[in-house]
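Survey of secondary and tertiary structure
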Amino acid sequence: QVHLEESGGGVVQAGGSLRLSCAASGSIFSINIMAWYRQAPGKQREVVASMSKSGMRTYADSVTGRFTISGDNDKKSVYLQMNSLNPGDTAVYYCNMHETYSREIYWGQGIQVTVSS
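In what follows, the accompanying structure is described. (Residues numbered from 1 in each chain as written. Predicted model: local features only at pLDDT ≥ 70, side-chain atom pairs only at ≥ 80, totals over all residues. Heavy atoms only, no water.)

Comments concerning the side chain of Ser50
Tracing the chain through its elements places Ser50 in strand 5 (residues 46-52). Residue Ser50 is classed as buried on the basis of its relative accessible area of 17%. In terms of polar contacts, Ser50 uses its side chain to reach the side chain of Thr58, at 2.6 Å. (Helix = DSSP H or I, 4+ residues; strand = E, 2+ residues; numbered from the N terminus. Buried < 20%, exposed > 50% of the residue type's maximum accessible area, 1.4 Å probe, protein only. Polar contact = N/O pair within 3.5 Å; in protein donor to acceptor, adjacent residues only side chain to side chain.)

Looking at the nonpolar core
Within the largest apolar cluster, 30 residues are counted, with the highest numbers of intra-cluster contacts made by Trp36, Leu80, Met82 and Tyr93. Of all the secondary-structure elements, those providing two or more residues to this core are strand 1 (2-7), strand 3 (18-26), strand 4 (31-39), strand 5, strand 7 (67-72), strand 8 (77-82), strand 9 (91-99) and strand 11 (111-116). (Core = buried A, V, L, I, M, F, W, Y, C linked by side-chain atoms within 4.5 Å.)

A look at the state of the cysteines
Counted by the stated rule, this structure contains one disulfide. Between the sulfur atoms of Cys22 and its disulfide mate Cys95 the distance is 2.0 Å. One end of the pair, Cys22, is in strand 3; the other, Cys95, is in strand 9, and 73 residues separate them in sequence. The residues Cys22 and Cys95 share a single accessibility class, namely buried. (Disulfide = S-S within 2.5 Å.)

Observations concerning the pattern of salt bridges
Inspection of the entire model under this criterion finds three salt bridges. Ionic pairing is found between Arg38 and Glu46, a salt bridge with its closest N-O pair at 2.8 Å. The class for Glu46 is partly exposed, based on a relative accessible area of 34%. (Salt bridge = Lys/Arg side-chain N within 4 Å of Asp/Glu carboxyl O.)

A look at the pairing of strand 8
Most of strand 8 sits out of view: five of its six residues are buried. Summarising the sheet, strand 3 and strand 8 pair through six bridges and their orientation is antiparallel. For Arg19, the partnering residue across the bridge sits in strand 8 and is Gln81. Count of turn residues in the strand 7/strand 8 antiparallel hairpin: four residues, of which Lys76 carries a positive phi of about 55°. (Pairing = 2+ DSSP bridges.)

Dropping the structure here:
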């Protein structure tokens, strides 16, 4: 069984920064893709940033230049550095990992990020 645990969320003022972390535990051996998604109230879940095993990173247009995804395959961990936060970034953030061999997709339970104006 695989468990993803997020941490680092909370309440921050507009213009501030937060760093989200996500660590996987259990039977996950190699991660092909690490990603962060978010879901704001009344909206669909959307991908914020993703990183492949080769290190290629992609970002949603709304966060490009402000957010940075990083990860450590050996530690089964992924991070999201969020700078210049604005109220539009308020959402529940979910980490996501794709296991290389089984092709299973795992999700964290979600963590709240609230940006006050």
